[in-house]
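If you want the building blocks of each chain, they are given just below.
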Amino acid sequence: MLAGGRWAISGPATGSEPYERAFGRRFAEYVGTRHCVPVDHGSSALVTALETLRLPYGSTVLVPALTWVASASAVFRAGLVPILVDVDPETGCVGPDNIAPEADTGALIAVHWACAMADIPGIREITDPLGIAVIEDAAQAHGAQWLGKQAGSLGRIGCFSMQHSKVLTAGEGGAVVTDDDALAALLEELRADSRRYADGQSTAMGLDLVESATLMGANFCLSEFGAAVLCAQLGILDEQHAIRNANYLLLGKLLADVPGVRLLNHREEQTRLSLYEVPLIFDPLPDGVTAQQIADALTAELHTRFYPPRAPLNRSTLLRPWTKPSLAHLAGRFVAEHRTRSYPHAEHLVAHTVLAHHSSFLGDERDMADIADAVAKVLIAYQ
């Protein structure tokens, strides 16, 4: 690739399939959707997915309170208003019981959190009759399965991040998947300045992209280097899943004998895990002890980072739309909508959870025993 003379899909065609297109094709096959449009970031995946829906300016989009800030900030970037909703106390994901659609709700972003999947089929039983589009934020769920179907293929659109910390990574990158032919064509335009791949040979200018221009886009293109890295990593992803998931099951068994801690619960319909972060739930916490103290103690014991989840988005210092003058109108609505809302399930999970990164689960049985021993030691020390 480095000697191929092409670094981006906007460059002159070389006669060979671009790595970007090859990854899109292979990832669509992996997820089980008709289309995959790679982009430069997971945030860009969410923005373009929302823009394909062509919702009126200022429409509301439901977003779980327990997620990374991009799930909500992307809504603002699309000219819409995020409405935060609480999550299921067992899985940390938004569920059917958490949905109370607003009058002008056009979409719901359902985040698969940490290593659990949201109940997309159950959610769609509520949203489909109301015409509310479900966007799966599968940034933390590459390869997870619900009754054998891949995360990202269950909603109208699925969005992925390939940022540095993810199980499938190019440093920075993302992808949008869908079975909707019309939306896929719009996604291509939105990520490449109103251009799509030419149906046949390259254009007269020697480019693979044609100026179709039915919808104004921007430049969210994934680099050829990033796409090549993703093509290589995709081939070993399931092998890594097998190692991580076996270690996860072992750790669960080892922690079963340690009072005061458990792993996050999953719905039985989730037939394959994809470990992004592994939540250790300490409930109840020892008197006067915080999740941060537990995380710091585990980090000191194991010499690898453990950490609490970030604060729910209603308290996040990263979600401050009023700091951007261009968002003043949307920010005012956002503040007004959330003055009286609370998120007890998200708050409880954040207060009682310590996270371990998926890289800790690529070791062996001895490593899982070390984690279990460290958890037991720390809890005894805080009694």
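Residues numbered from 1 in each chain as written. Predicted model: local features only at pLDDT ≥ 70, side-chain atom pairs only at ≥ 80, totals over all residues. Heavy atoms only, no water.

Caption draft 1: Quick look at the nonpolar core. In terms of nonpolar packing, the biggest core is built from 88 residues, with Phe 23, Phe 27, Ile 109, Ile 123 and Ile 135 touching the most fellow members. The element contributing the most residues to this core is helix H1 (residues 19–31), with six residues. Ignoring sequence-local partners within four residues, the contact set of Phe 27 consists of Cys 36, His 142, Phe 160, Met 162, Leu 168, Ala 175, Val 177 and Leu 234. With 30 residues, the next largest nonpolar core counts Tyr 248, Ile 294, Ala 295 and Val 375 among its residues. (Core = buried A, V, L, I, M, F, W, Y, C linked by side-chain atoms within 4.5 Å. Buried < 20%, exposed > 50% of the residue type's maximum accessible area, 1.4 Å probe, protein only. Helix = DSSP H or I, 4+ residues; strand = E, 2+ residues; numbered from the N terminus. Contact = heavy atoms within 4.5 Å.)

Caption draft 2: Up close: empty space enclosed by the protein. Summed over the entire model, instances satisfying the criterion amount to one cavity of 30 Å³ or more. Taken as a whole, the largest cavity encloses approximately 30 Å³ of empty space. If you go around the largest cavity, the residues you meet are His 112, Trp 113, Ala 114, Cys 115, Ala 116, Met 117, Gln 140, Ala 141, Ala 144, Gln 270 and Ser 274. Classifying every residue of the lining of the largest cavity gives seven nonpolar, four polar and no charged. (1 Å grid on protein atoms, 1.4 Å probe; cavity = no way out; pocket = protein on both sides within 12 Å on 5 of 7 lines; lining within 4 Å. Points joined across faces, edges and corners; volume = space filled by probe spheres on them. Nonpolar A, V, L, I, M, F, W, Y, C, P; charged D, E, K, R; others polar.)

Caption draft 3: Looking closely at the sheet that holds strand S9 (residues 174–178). As summarised here, the arrangement of the seven strands in space is S1-S9-S8-S5-S4-S2-S3, forming an open sheet in which the pairing is mixed. On the outer flanks of this sheet lie strand S1 (35–39) and strand S3 (81–85), each paired with one strand and no other. Ignoring which end each strand starts from, the neighbouring axes of this sheet average 25° apart. Bridge count between S1 and S9: five bridges; the pairing is antiparallel. (Pairing = 2+ DSSP bridges. Axes fitted to C-alpha atoms, helices over the stretch in contact; angles between N-to-C directions.)

Caption draft 4: How the structure looks around the layout of surface pockets. Here the largest pocket defines a volume of roughly 780 Å³. Every residue lining the largest pocket is counted, 32 residues in all, and those nearest its centre are Trp 68, Gln 140, Lys 166, Tyr 276 and Arg 310. Those elements that place two or more of their residues in the lining of the largest pocket are helix H2 (42–52), helix H3 (70–77), strand S8 (157–161) and strand S16 (353–357). Taken together, the residues of the lining of the largest pocket break down into 15 nonpolar, eleven polar and six charged. Considering only enclosed or pocket space, the second largest pocket measures out at about 460 Å³ in volume. Together, 23 residues line the second largest pocket, and Arg 21, His 35, Cys 36, Glu 188 and Tyr 197 are the ones closest to its centre.

Caption draft 5: Highlighting the sheet that holds strand S14 (residues 277–281). Spatially, the four strands line up as an open sheet ordered S12-S14-S16-S15, and their pairing is antiparallel. A strand with exactly one partner marks an edge of an open sheet, and here the two such strands are strand S12 (262–263) and strand S15 (306–307). Relative to the sheet, helix H10 (residues 344–352) contacts S14 and S16, its axis offset from that of S16 by approximately 65°.

Caption draft 6: Geometry of the pattern of salt bridges. In total, this model carries 16 salt bridges according to the counting rule given. The partner of Lys 377 in a salt bridge is Glu 301, and the shortest N-O contact between them spans 3.2 Å. Of this pair, Lys 377 sits in helix H11 (residues 365–381) while Glu 301 sits in helix H8 (residues 291–302); the two residues are 76 residues apart in sequence, bridging distant segments of the chain. Looking at Lys 377, the relative accessible area reads 49%, which means it is partly exposed. According to the relative accessible area criterion, Glu 301 is partly exposed, its value standing at 34%. With its nearest N and O atoms 3.0 Å apart, the salt bridge here joins Arg 366 to Asp 370. (Salt bridge = Lys/Arg side-chain N within 4 Å of Asp/Glu carboxyl O.)

Caption draft 7: Structural detail: helix H5 (residues 181–191). Summarising burial for H5: nine of the eleven residues are buried, a large majority. When we look at burial in H5, the residues that qualify are Leu 183, Ala 184, Ala 185, Leu 186, Leu 187, Glu 188, Glu 189, Leu 190 and Arg 191. Those residues of H5 hidden inside the fold are in contact with H1, S1, H2, S8, S9 and strand S10 (196–197). Where H5 starts, the residue carrying a side-chain oxygen 3.0 Å from the main-chain nitrogen of Ala 182 turns out to be Asp 180. Positioned one or two residues after H5, Asp 193 has a phi angle of 50°, which is positive. (Polar contact = N/O pair within 3.5 Å; in protein donor to acceptor, adjacent residues only side chain to side chain.)

Caption draft 8: Summary view of unusual backbone geometry. The step from Asp 283 to Pro 284 runs through a cis peptide bond, and the omega angle for that step is 10°. Following the sequence through the fold, Pro 284 ends up in the loop between S14 and H8. Unlike most non-glycine residues, Arg 54 shows phi in positive territory, near 55°. Within the secondary structure layout, Arg 54 lies in the loop between H2 and strand S2 (60–64). Of note in this structure, Leu 147 is not a glycine but carries a positive phi near 50°. Checked against the element boundaries, Leu 147 lands in the loop between strand S6 (145–146) and strand S7 (149–150). Owing to a relative accessible area of 59%, Leu 147 belongs among the exposed residues under this scheme.

Caption draft 9: Layout of the side chain of His 338. Examined against the element boundaries, His 338 turns out to sit in the loop between helix H9 (328–337) and H10. At a separation of 2.7 Å, a polar atom in the side chain of His 338 contacts the main-chain carbonyl oxygen of Phe 334. Among residues more than four places away in sequence, those in contact with His 338 are Pro 82, Ile 83, Leu 84 and Tyr 343.

Caption draft 10: Up close: the side chain of Gln 145. If you trace the backbone, Gln 145 turns up in strand S6. The exposure class assigned to Gln 145 is buried, which follows from its relative accessible area of 17%. Not counting residues within four places of it along the chain, the set of residues in contact with Gln 145 comprises Met 117, Gln 150, Glu 269, Gln 270, Thr 271 and Arg 272.

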